[in-house]
Structure formats: C-alpha cells, structure tokens
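# A look at the structure
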Amino acid sequence: MNIKKIHKLALSILTFSVCFGTIHAKTPNLIVILTDDQGYKDVGFNGCEDIPTPNIDTLANNGVIFREGYVSFPVCGPSRAGLLTGRYQDRFGYTTNPTIDPKNEIAGLPKEEENMAEVLTKVGYKSAIIGKWHMGSHISNHPLNRGFDYFYGFLSGGHNYMPEMLTIQDLSQVTRKWQWYSTKIMENHQRIEIDDYLTDELTDAANRYIDLQVQEDNPFFLYLAYNAPHAPLQATEKYLSRFPNIEDKNRRTYAAMVSSVDDGVGRVLDTLRRNGIEENTIVVFLSDNGGTTKNSSNNDPLKGFKSDLFEGGIRVPFAMQWKGTIPSALEFPHPVISLDIMSTITAQTNVQISKDRPLDGVNLIPYLTGQKSEAPHKTLFWRKRENDGMAIRSGDVKLVANTKYKNTENQLFNIKEDISEKKNLKSSQPEKSKQLLQEWENWNAQLKERYFPTLGKDDWWKKN
Ligand code: CA
C-alpha cells in the first residue's frame, strides 16, 4: 500500500469515527451543480409547466427539496463568492461583480479567504471547476492557483454558447466590453477549440472528470457551474425542437437552454450510477440568483428578479440528494442558504476551519436525517451595499429595503403567509421592524466595503 492509499484509509477511518449514527465507507464526494439566473419556478419540482426537467426532478425526488432555499446575493459574482467560501461575501468586501481585468490582482477572491477546494485539499480531495469561474481573472486567482486541480471553462461572468462564436484567444485581446463572452474555452491554462454547444461540452468534461476520479480512487469536489440559462439566449435545434408549442421566441430559447442543463444533470447522475458512487456522493442543485427579465425566466410566485432583495432575487430552485443518508422525497420546511453547502461538506470530512474566518452556514445533514428538528438558521442576512439594500429574515418574517430604488423605506413581510411580499406589516408591527433593523445593523457592522473595481464602471480594455 502506497502512502497516498494509507492517507486515504486514515481519512476513511476518521470519517467512520466522527459520523455518529451515519456510517460512510469513505468521506463523501460533493457535486455542486450551479445554474445561472434560472427562475424559481423554472424546474419541475417547483411547478414549472412549460419546461420539463425530469432529471433535475429525479435529483429532488431522491433527496430533499428546499422550497425556501436562498443564495447570499442577488447577482452572480458575490453569490458565488459566498457559496465557495461558506461566508457572507461582504465580510471580505466582495460586494459586487468584480472587473474582468486580467491585470488586476485584487479583483477576485481575497487570498486570505479559503474556498471549498482549498479547504478540501487539506483532507485529500481533488477538485474541479467546470464552467463559469467569475472569482477573478488575474493569474493569481486562476482556479489552479485557488485549490482546484482541474479547470474547464471560462474566467468571466458570462459566455457565448456556440463553438463558432468563440474566436478570441485571450482576455488580453479584448477591446470592448462584453467581448470576453467570445474567448476560447480554457482547459487548465490552455485555450482549446470546442465542437459542441457549450452546455453539452461542460457536461462531457464533468463526466470525464468523475470517471477519472473513480479510476484514481480520489474523494472529489466537482463544481459544475453551468452558465446556462444566463443570457445571451442561444440554443441548438436539438433542444429548441423540444418546445414547438412555446410561441415566445425568447422563452422558447430559454426553455431549450434549461433543457440542455437538465440533460446534463441526467448524464452526471448516470455517471454516478455507472460508477457505483451514488451513495457516496452528495449532489446539490441550485441557481446562483433569481431569474431576470433579460432571459425570459419565471420566478412565480415570488416578487422581483435578479438583483432584487425581494424573494425573486435571492430565493432559487434548490435541491440536494445523498442517497442512503438523506431520506428521499423530503420537503424541508425551513429556510436554508447556499452558505450551508460549505458547512455541510466540511462537517463530513472533519477538516478544521480557521478560527479567523468562521463559516456562516450550518451542516444540514442532521436536520435532514431527523437528528435535529428545529430550524437550522435563526436569522439570515443580505446586504447590497451599492444600492443601500438590506434584508433580514428571522423565522417567518422578513424586513427588506429593496435595492434598486434608493431611499425606499424598509418593509416587513410574513414570508410563510405572504410568499409574494404584498402585504407590508411594518405599521402594524413597528417593534418587530425596529428589532430586526437593529439585528441587521449589528451584522452590517462586521462587514467590509468593496475592495476591488466593479464590473459596472471598468474600462480596462481601452488599454488593449
Ligand atoms: Ca447569475
């Protein structure tokens, strides 16, 4: 037995000894399937009527549906920074989408923060990011320099999907805003040519990666960050032809894009089954923020869209399976947040988390197996610094000052009774509103200001 194998055996014994009542042969793999700007209602398990998602639904049927599943920010970059670190991203100043400037060393995840891959490396995991990175374009923030062993995708916040559109060799050749959507796909540090629709290529890469990890007997973390169904709306006839009855052209293309992701989820689940690792792999599915008006998504019955702190911006399709550990067909009755994924996987591996950077999430497994029956979170918080936006959810009630409309007074809603945030209870419950605002202020006092240039105001490409 070589040293690597001995190390793995030691880890397995460790896990066996710390998982009271839950016996796993090995530390579980983790696959996070993240979609981009997908609407709350645009999955079968949340009642979608015009886009079948049988494979994503399988995942939900095999495990748990989080009807009140949140992300920590209503747009891409900060939401992903929260997910990957397990911490409210404003704790380290990731308050907005960073510039895509490859020469800017600070635009991205701060070096002192540890992401999921960096943490899991310490307990022998291999990690891959396949798809959208968006955590910095400088070489020092390249995924291979941030704990990941494999990268297949693109560094920026969005991308074209058709292979013939990917003509730019590198960010250094970008001469206008958004042109980075046409950069060639990267495999590790190499620019490569692709033949197929990008969503299909990402799925292929994910399956190759899983097969390789099984072959090498590695515990692994796969972050499959599809950019679908984020704009631009582009789909192939293979998927468009599934929706002859959707008359709205944009909705039809969006449906095709969601359908391609659904095929991808099905193929990933097949790969787990074929390799016999379903019971040793946690699979989480969620969107990085709510649907936007730009991609014809549907957040019903939630109010608002991407970039709002109303439910439509931060509450997302969210499901998780861990066959053999989490009961199937569970509907979890309490709020959870994307930050919980980090706490959940690190609890299974027993890796030590730095005391200087405590996690904001909770290990969800005891709540899902019935060992704990209370709500995992007493309060959840949101801040959108650039727009003076704030929100706090405590139990069933939420105090929110939405972001896009400065000086909008905060409003109080009972989310359980009023999912669409229609009835402002602030005047009838002034004490509750005051108390929640104070709690939010206490949290806000721990946060940092934005520390990098924002995508909204950058123009670095003019120097190219
Ligand atoms: Ca997004």
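Per chain, the residues get numbers from 1 upward, laid out in the order the sequence is written. The model is predicted, so local features are restricted to residues of pLDDT at least 70 and side-chain atom pairs to those at 80 or more, both for listing and for counting; the totals for chains, interfaces and linings are taken over all residues. Think of the side-chain values as coming from all heavy atoms in the structure, minus any hydrogens and water.

## Description of the overall build of the protein
Heads up, the rule is: Helix numbers and strand numbers start at the N terminus; a helix is a DSSP run of H or I with at least 4 residues, a strand a run of E with at least 2. With C-alpha atoms as the basis for the radius of gyration, the globule rule is written as 2.2 Å multiplied by the number of residues raised to the power 0.38. Every residue pair with non-hydrogen atoms within 4.5 Å of one another is taken to be in contact. For the area figures, the Shrake-Rupley method with a 1.4 Å probe applies, and any residue is considered shielded solely by the protein chains shown. Note on charges: Lys and Arg go in the positive column, Asp and Glu in the negative column, and His and the chain ends are not counted at all. Charge positions come from single atoms, namely NZ of Lys, CZ of Arg, CG of Asp or CD of Glu.
What the protein contains, in helices and strands, is 11 helices and 16 strands. Compactness check: the protein gives a C-alpha radius of gyration of 21 Å against a globular reference of 23 Å for 464 residues, within 12% of the reference. Projected onto the principal axes, the alpha-carbon positions of the protein cover approximately 65 × 55 × 50 Å. In the protein, the share of contacts with a sequence separation of at least 24, taken over all contacts with a separation of at least 6, comes to 71%. In the structure as shown, the protein presents an accessible area of about 17,900 Å², 50% of it carried by carbon and sulfur atoms. Averaged over its 55 positive side-chain charges, the protein has a centre that lies 4 Å from the centre of its 57 negative ones.

## Side note on unusual backbone geometry
Cis geometry marks the peptide bond from Ala231 to Pro232; its omega dihedral reads 5°. You can see Pro232 is positioned in the loop between strand S8 (220-225) and helix H6 (237-240). The omega angle of the peptide bond from Asp300 to Pro301 is 0°, so this bond is cis rather than trans. At Asn188, a residue that is not glycine, the phi angle is positive and equals roughly 55°. Here Asn188 is to be found in the loop between strand S6 (185-187) and strand S7 (190-192).

## Examining helix H9 (residues 340-349)
To keep it simple, the criterion reads: Accessibility here uses a 1.4 Å probe with only protein chains present; expressed as a share of the type maximum, an area under 20% marks a residue as buried, one over 50% as exposed, and anything in between as partly exposed.
Most of H9 is tucked away: nine of the 10 residues are buried. Within two residues after H9, Asn350 carries a phi angle of roughly 60°, on the positive side.

## Details of the sheet that holds strand S11 (residues 330-332)
Put simply, the test is: A pair of strands counts as paired when DSSP detects no fewer than two bridges linking them. Lines fitted to C-alpha atoms define the axes, with helix axes restricted to the stretch in contact, and inter-axis angles between N-to-C directions lie between 0 and 180 degrees.
Judged by pairing direction, the sheet is mixed, and its 10 strands sit side by side in the order S7-S6-S5-S4-S8-S1-S9-S10-S2-S11 without closing on themselves. In the strand order of this sheet, the two ends are held by S7 and S11, each with one partner. Direction aside, the axes of adjacent strands within the sheet are offset by 15° on average. As judged from the three bridges shared by S6 and S7, these two strands associate in the antiparallel manner. Looking at the pairing, Glu187 lines up with Gln190 of S7. Across the face of the sheet, helix H2 (residues 54-62) comes into contact with strand S2 (64-66), strand S9 (281-287) and strand S10 (318-321) while running at roughly 60° to S10. Where H9 meets the sheet, its contacts fall on strand S1 (29-35), S9 and S10, and the angle it forms with S9 comes to roughly 175°.

## Let's talk about the layout of surface pockets
Inclusion rule: Here a cavity means grid points, on a 1 Å grid over the protein atoms only, where a 1.4 Å probe fits yet cannot get out; a pocket means an open set of points with protein on both sides within 12 Å along at least five of seven lines; lining residues are those with an atom within 4 Å of a point. Grid points are joined across faces, edges and corners, and a volume is the space filled by probe spheres set on the points. Amino acid classes used here: Ala, Val, Leu, Ile, Met, Phe, Trp, Tyr, Cys and Pro are nonpolar; Asp, Glu, Lys and Arg are charged; the rest, including Gly, are polar. As used throughout, domain bounds are those supplied by an automatic or database domain assignment.
Approximately 800 Å³ is the volume found for the largest pocket. Taken together, 32 residues make up the lining of the largest pocket; nearest its centre are Val75, Asn97, Lys294, Lys306 and Leu455. Considered class by class, the residues forming the lining of the largest pocket number 11 nonpolar, 13 polar and eight charged. Here the lining of the largest pocket spans two domains, since at least three of its residues come from each of domain 1 (18-368) and domain 2 (380-444).

## Concerning the coordination of the calcium ion
We count it as follows: Coordination partners: N, O, S within 2.8 Å of the metal, 3.2 Å for Na, K and Ca; water not considered, so apparent gaps in a site are possible. Irregular is the default label, applied whenever a site is not tetrahedral (four donors, all angles between 85 and 135 degrees) and neither square planar nor octahedral (four or six donors, opposite donors over 155 degrees apart, all other angles between 65 and 115).
Taken together, the protein donors to the calcium ion comprise Asp36 (OD), Asp37 (OD), Cys76 (SG), Asp288 (OD), Asp288 (OD) and Asn289 (OD1), at separations of 2.2 to 2.6 Å. Geometry at the calcium ion is irregular, judged from the six donor atoms that bind it and their angles of 54 to 161° at the metal. Here the donor residues of the calcium ion share one chain and are spaced in sequence as D-D-x38-C-x211-D-N. Exposure class is identical for Asp288 and Asn289. Each is buried.

## Brief notes about the pairing of strand S13 (residues 379-384)
For a regular strand, the rule is simple: side chains alternate between the two faces of the sheet. Of all six residues in S13, six are buried, a share of seventy percent or more. Neither face of S13 is open: one carries Thr379, Phe381 and Arg383, the other Leu380, Trp382 and Lys384, and all of them are buried. Turn length for the S13-strand S14 (residues 389-394) hairpin, with the two strands adjacent in sequence and antiparallel, is four residues, and the turn residue Asp388 shows positive phi of about 55°.

## So, the domain arrangement of the protein
Just so we agree on the cut-off: For any pair of parts, buried area is found by adding up, for both, the accessible area (1.4 Å probe) each one loses once the two are put together. Note on definitions: salt bridges are taken to be side-chain nitrogens of Lys or Arg within 4 Å of carboxyl oxygens of Asp or Glu.
When cut into domains, the protein gives domain 1 (18-368) and domain 2 (380-444). Contacts between the two partners involve 26 residues from domain 1, matched on the other side by 25 residues from domain 2. Both sides of the domain 1 and domain 2 interface together cover about 2,200 Å² of buried area, and 53% of this is carbon and sulfur. For the interface between domain 1 and domain 2, the tally reads four salt bridges. A salt bridge links Glu68 to Lys416, with the shortest nitrogen-to-oxygen separation between them at 2.5 Å.

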